[in-house]
Amino acid sequence: MIKFHIKVYHPENNIILINKEFDTLKEISDELNIPYQFVADCSSRGFNKKFQNYSFVPKIEITKIKYTS
């Protein structure tokens, strides 16, 4: 079984907004109220670097967690 861990935080002062596990990327998109495709892109390629020029954009890290049951 695969789960996903998401961490959303502000990189300069390390204020953590979300630090949770989800079963699917769809659940993450629903939680953040953003399109599924954006979540899938962050999961596979990392957060888009074009947003790094803005001072109030949080950093989004999505990693796969493999559980053995």
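Fair warning: this is a prediction, and the values are worked out from it, not measured in the lab.

Structural notes on the pattern of salt bridges
Next, step 1: Scanning the model with the defined rule gives four salt bridges in all.
Next, step 2: Close ionic contact of Glu 31 with Lys 20 constitutes a salt bridge, the shortest N to O distance being 3.5 Å. Of this pair, Glu 31 sits in helix α1 (residues 25-32) while Lys 20 sits in strand β2 (residues 15-22), placing them 11 residues apart in sequence.
Next, step 3: When its relative accessible area of 42% is taken as the criterion, Glu 31 is described as partly exposed.
Next, step 4: For Glu 61, the salt bridge identified is with Lys 59, shortest N-O distance 3.9 Å.

Considering the nonpolar core
Next, step 1: Among the nonpolar cores identified, the biggest contains 12 residues, and these are Phe 4, Ile 6, Val 8, Ile 18, Phe 22, Leu 25, Ile 28, Val 39, Ala 40, Cys 42, Ile 60 and Ile 62.
Next, step 2: Contributing elements (two or more residues each) for this core: β1 (2-10), β2, α1, α2 (36-45) and β3 (59-66).

Brief notes about the sheet that holds β2
Next, step 1: Strands sit in the order β2-β1-β3 across an open sheet of three strands; the sheet is antiparallel. Strands at the two margins of the open sheet, each flanked by one partner only, are β2 and β3. Going across the sheet, the axis of each strand differs from the next one's by a mean of 15°, ignoring polarity.
Next, step 2: Of the strand pairs in this sheet, β1 and β3 are connected by eight bridges, and their pairing is antiparallel. Bridge pairing links Lys 3 to Ile 65 in β3.
Next, step 3: The sheet contacts of α1 involve β1, β2 and β3, and relative to β2 the element is tilted by about 145°.

Describing the environment of Asn 14
Next, step 1: Within the secondary structure, Asn 14 is located in the loop between β1 and β2.
Next, step 2: Between the C-alpha atom of Asn 14 and that of Lys 59, which follows or precedes it by 45 residues, the distance is 9.5 Å.

Considerations on the packing of aromatic side chains
Next, step 1: All told, the structure shown has zero aromatic pairs when counted by the stated rule.
Next, step 2: The lysine or arginine in question, Lys 7, covers the ring of Tyr 9, its NZ or CZ lying 4.7 Å from the ring centre.

Criteria and thresholds
Residues numbered from 1 in each chain as written. Predicted model: local features only at pLDDT ≥ 70, side-chain atom pairs only at ≥ 80, totals over all residues. Heavy atoms only, no water. Salt bridge = Lys/Arg side-chain N within 4 Å of Asp/Glu carboxyl O. Helix = DSSP H or I, 4+ residues; strand = E, 2+ residues; numbered from the N terminus. Buried < 20%, exposed > 50% of the residue type's maximum accessible area, 1.4 Å probe, protein only. Core = buried A, V, L, I, M, F, W, Y, C linked by side-chain atoms within 4.5 Å. Pairing = 2+ DSSP bridges. Axes fitted to C-alpha atoms, helices over the stretch in contact; angles between N-to-C directions. Contact = heavy atoms within 4.5 Å. Phe/Tyr/Trp six-rings, centres within 6.5 Å; stacked < 30°, edge-to-face > 60°. Lys NZ or Arg CZ within 6 Å of the ring centre and 35° of its normal.

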